[in-house]
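Residue-level listing of the chains:
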Amino acid sequence: MFRYFISCSILLLISSPILFGQNQEISLSFEESIQLLDKGNQSLQIADKEIEWARSEHQRLNAFWYPAINATGAYVHMANKIEVKESLNQFTDPAKDFIHSIIPDDQIISSILDKIGSYSLSFPLAPQDLTTIDANITWPIFTGGKRIYAGKIGKAMVSIAEVNKEQISANTRIALVESYFGVRLGQKVVEVREQTFQSLKKHYQNALKLEANGMINKAERLFVQVNMDEAKRELESAKKDLDVAQSALKTLIKMETDGNIRPISPLFINDSLPTILYFKSLIESNNYLINQMRLQENIANNELKIGRTGYIPNIALFGKQTLYAHGIEKNLLPRSMIGVGFSWNIFDGLDREKKIRQAKITKQTLALGKDKAIDDLNVVLEKFYSQIQNALNNVSALNTTIEMSRELVRIRKKSFTEGMATSTEVIDAEVMLSKVQIASLLAYYQYDVALINLLSACGIPDTFYQYSKEGKNEPFYEPG
């Protein structure tokens, strides 16, 4: 059993191309590339953090529904003691009147009472040093709707962050289609260039034999050689372009390997698509930019409502509990109190009016911007839809041209071996066949790129996969 386990482990290590096959070709489907893209894409990770921040901000705004509890403490040293002074004349004056009523001419007792009345009696209330620690609670019970509108703003901020992530995801899908199918196109172009080069190479070898037998002259053989060398140069150029496309795809999907990626999902076209009116109908409800502007307009509307609540007083419950007090007696300041109060901003220098005006301007600007964005997106959709139709027309026209070119190559090769055609005619047919095959593949690629852009503008990029499954795959070109 142990040997079996070791054998299976070694076989797994050898057969795993992504992790250990550094120089092997890695087959990768479009679905697998999407999974790799979503797993390591930093833009999507940043968008996730923005959603987390928006949710945290929403929760912070909801905190205004709850009471605020805090503790305060203070140590105070006063320059003088807090005391009550009472003058004694309020007691001596009635006594003087009483004495005078009994002894009208009394001077001695009255002078003594006047002396006593000139003094004051002091009653200390608090010392110069005071210390208090209090617990306070404030609970707004009416704010004119500020908390309701603030909660709606927080919810809209979360929705904006989520729509932003969807837009980033759609943009990454566009980049992936361009890169993934760009590699697929590059590989197919290399195959066509390779077939053309091998065909011309074989033709050159035949030309050498014909020259040796005196059937063609040196100029004709040199003409074949020049075109073979040009085909080789174009093949090397196509391979370099493919290497650049490979590097771009590896960087996009975060795949670290020295092996080449072979996309196994083919280029495709769809023979029929919904009308342009169908896609335009999706813009207003599905487009990411329009949805974001609609949510921003909703935020501006709630900010306008918050500005209008500035004319309404705020009402709140409050309470205080003295936890510790030194120097203040309970009969002077109760340890517990509870009540209800209001605050009403009568005049704030027209700050409320300016905020309301700014909110109105923002709302109007967003409404105009949304209408303009819809018009611009309709133009963009027409552009992509036109590109799709052009690609379909090119594929349809090139299919016939390819068949004719293949037949022309076959006939001219046969005629050349029989001495009925020149090398120039054979090479011209080979080159034309190569060009129309590459043009057909390029039309397939242009269709796929235009389609993902069209679907992303409509807010439905995920349907690209379904279109690929229902579409007609790229043609297979056998060596001529």
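Structure shown above.
The structure displayed is predicted, hence computed values, not measured ones. (Residues numbered from 1 in each chain as written. Predicted model: local features only at pLDDT ≥ 70, side-chain atom pairs only at ≥ 80, totals over all residues. Heavy atoms only, no water.)

### Side note on the pattern of salt bridges
Here comes step 1: Under the counting rule described, the total for this entry stands at 21 salt bridges.
Here comes step 2: Glutamate 211 is the salt-bridge partner of arginine 221, the closest N and O atoms lying 2.9 Å from each other. Residue arginine 221 is located in helix 7 (residues 218-253), and its partner glutamate 211 is located in helix 6 (residues 146-212); the two are separated by ten residues in the primary sequence.
Here comes step 3: A relative accessible area of 24% means that glutamate 211 is categorised as partly exposed.
Here comes step 4: Residue glutamate 407 is joined to arginine 410 by a salt bridge in which the shortest nitrogen-to-oxygen separation is 2.5 Å. Taken together, the positions of glutamate 407 and arginine 410, both in helix 10 (residues 351-417) and three residues apart, correspond to about one turn of that helix.
Here comes step 5: The class for arginine 410 is partly exposed, based on a relative accessible area of 47%.
Here comes step 6: Look at the salt bridges and you will find they share partners, linking Arg184, Lys188, Glu191 and Glu474 into a network. (Salt bridge = Lys/Arg side-chain N within 4 Å of Asp/Glu carboxyl O. Helix = DSSP H or I, 4+ residues; strand = E, 2+ residues; numbered from the N terminus. Buried < 20%, exposed > 50% of the residue type's maximum accessible area, 1.4 Å probe, protein only.)

### Description of the nonpolar core
One broad trend across soluble globular proteins is that nonpolar side chains are buried collectively.
Here comes step 1: Counting residues in each nonpolar core, the largest one holds 71 residues, and the members touching the most others are Tyr447 and Phe464.
Here comes step 2: Once you skip the residues sitting within four places of it in the chain, tyrosine 447 turns out to touch Phe268, Ile269, Asn270, Leu273, Ile388, Ala391 and Leu392. (Core = buried A, V, L, I, M, F, W, Y, C linked by side-chain atoms within 4.5 Å. Contact = heavy atoms within 4.5 Å.)

### Details of the packing of helix 2 (residues 30-40) against helix 6
Here comes step 1: Relative to each other, helix 2 and helix 6 sit at 130 degrees, their axes nearing to 11 Å. By the angle between their directions, the pair helix 2 and helix 6 is classed as oblique. Where helix 2 crosses over helix 6, the two elements pack in a sense that is right-handed. Where helix 2 approaches helix 6, its residues Phe30, Ser33, Ile34, Leu37 and Asp38 are matched on the opposing element by Thr172, Arg173, Leu176, Val177, Tyr180 and Phe181. (Axes fitted to C-alpha atoms, helices over the stretch in contact; angles between N-to-C directions. Parallel < 35°, antiparallel > 145°, perpendicular 65-115°, else oblique. Left-handed = near helix turned anticlockwise from the far one by under 90°.)

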